[in-house]
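Residue-level listing of the chains:
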Amino acid sequence: MNPATLTVLALTVSVAAFVQGSSGLGFALIVAPVAGILDPGLLPVFVLASMVPLNLYVAWRERAALDLRGAGWITVARLAATPGGLALLWLIPDRSLGLFVGIATVLAAAVSLAAPAFTPGRAAYVGAGAVTGLTETATGVGGPPLALVYQHRPPAELRATVAVCFLIGEVASLVLLFATGQGRVQDLGPAVLLLPAIAAGAWLSRLVHHRLDARRMRLFVLLFALVSGVVLMLGV
């Protein structure tokens, strides 16, 4: 990896770690397009591996707000759906898959803008976990379903629960990718090399994360879902 590429990636992951550390979302949406442009071989292992230490930190920092019941149902459904996401990689062309998931995400976010506040239940948790297992393994973007489920919950609860769900799911996806030959040990090198940049962004996020109120967090969540849906539709 040449110095210019390394510098751009370091800046990108620092910003992404700050955004996700503050809001609980956004790392993959920021990093994946940049990494794909600089070196497509970085995907998906680089993004998944980079998020592991970040989500471990956020989960520990916000542990008091964790929705254990929701995280449990989401994780069970997510793990069950992970092989399905790998199958989608083999069966469906990348652009067709991204287009389908992107349209569904944009529609869900649009409906959420008009829908009344709700408290998620078992069906919502299982549905979000299953969709996340499919989309994150197949496309690298798994945040929107979880974001939409927790859009009316306190920001700390969203950050803690999404971090735990992401953490378990990322490890499962990496194990499956390596087990099926879709990932290589050397692919972990860039993520290890950029750990200081990730740590810097995560540390800075602790200065502002507690200042995000529920209304602003919900607007961010819906904007995040809309943007990620459009990114998937355009195949960026």
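Residues numbered from 1 in each chain as written. Predicted model: local features only at pLDDT ≥ 70, side-chain atom pairs only at ≥ 80, totals over all residues. Heavy atoms only, no water.

Participant: What exactly am I supposed to notice about helix 3 (residues 45-61) here?
Facilitator: The α-helix winds at 3.6 residues per turn, so residues separated by three or four positions along the chain end up facing the same way. Taking 1.5 Å of rise per residue, the 17 residues of helix 3 would be expected to cover 24 Å, and the 25 Å separating its terminal C-alpha atoms lies within 8% of that figure. At Val-52, helix 3 shows its maximal bend, which comes to roughly 30°, and the proline Pro-53 appears one to four places after that position. Taking burial as the measure, the 17 residues of helix 3 include 12 buried ones, the bulk of the element. Among the residues of helix 3, those classed as buried are Val-45, Phe-46, Val-47, Leu-48, Ala-49, Ser-50, Met-51, Leu-54, Asn-55, Val-58, Ala-59 and Arg-61. (Helix = DSSP H or I, 4+ residues; strand = E, 2+ residues; numbered from the N terminus. Expected span 1.5 Å × (residues − 1). Bend = angle between axes of the 7 residues up to and from the residue. Buried < 20%, exposed > 50% of the residue type's maximum accessible area, 1.4 Å probe, protein only.)

Participant: What exactly am I supposed to notice about helix 10 (residues 195-205) here?
Facilitator: Taken together, the buried positions of helix 10 are Ala-197, Ile-198, Gly-201, Ala-202 and Ser-205. Buried residues of helix 10 fall within an arc of 135° about the axis and therefore sit on the same side. In this fold, the buried residues of helix 10 make contact with helix 1 (3-23), helix 3 and helix 9 (189-193). (Arc of directions from axis to C-beta. Contact = heavy atoms within 4.5 Å.)

Participant: Help me understand the nonpolar core in this model?
Facilitator: In globular proteins that are soluble, nonpolar side chains generally tend to be buried together. Core analysis: the largest hydrophobic core is formed by 46 residues, its most contacted members being Val-13, Phe-27, Val-31, Phe-46, Val-47, Leu-54 and Leu-146. Considering each element in turn, this core owes the most residues, nine residues, to helix 3. When neighbours within four sequence positions are excluded, Val-13 is seen to be in contact with Phe-27, Val-31, Phe-46, Leu-194, Ala-197 and Ile-198. (Core = buried A, V, L, I, M, F, W, Y, C linked by side-chain atoms within 4.5 Å.)

Participant: So what exactly am I meant to see when it comes to the environment of Leu-134 here?
Facilitator: Looking at the element boundaries, Leu-134 is found in helix 6 (residues 122-139). Here the alpha-carbon distance between Leu-134 and Ala-81, two residues 53 residues apart in the chain, equals 5.7 Å. Those residues in contact with Leu-134 that sit more than four places away from it in its chain are Ala-81, Gly-84, Gly-85 and Leu-88.

Participant: Quick question: what am I supposed to make of a nonpolar patch on the surface here?
Facilitator: On the surface, Phe-18, Trp-203, Leu-204 and Leu-207 cluster together into a nonpolar patch covering about 380 Å² of accessible area. With respect to the secondary-structure elements, Trp-203 resides in helix 10. (Patch = residues over 30% accessible without salt bridge, like charges linked within 9 Å, V, L, I, M, F, W, Y side chains within 5 Å. Areas by Shrake-Rupley, 256 points an atom, 1.4 Å probe, with all protein chains shown as cover. Salt bridge = Lys/Arg side-chain N within 4 Å of Asp/Glu carboxyl O.)

Participant: Teacher, can you tell me more about the packing of aromatic side chains here?
Facilitator: Within a pair of aromatic rings, the relevant descriptors are the distance that separates the centres and the angle that separates the planes. Tallied over the entire structure, the rule returns one aromatic pair. Its guanidinium or amino end placed over the ring of Trp-60, Arg-63 lies 3.8 Å from that ring's centre, counting from NZ or CZ. (Phe/Tyr/Trp six-rings, centres within 6.5 Å; stacked < 30°, edge-to-face > 60°. Lys NZ or Arg CZ within 6 Å of the ring centre and 35° of its normal.)

Participant: Whenever I open this one, the confidence of the model for the protein confuses me. Can you help?
Facilitator: Low-pLDDT portions of the prediction should not be read for the details of their coordinates. Averaged over all residues, the pLDDT of the protein is 83; the fraction at 70 or higher stands at 85%. Considering each helix and strand of the protein separately, the mean pLDDT is smallest for helix 5 (residues 94-114), with a value of 65, and largest for helix 10, with 96. (pLDDT = per-residue confidence, 0-100.)

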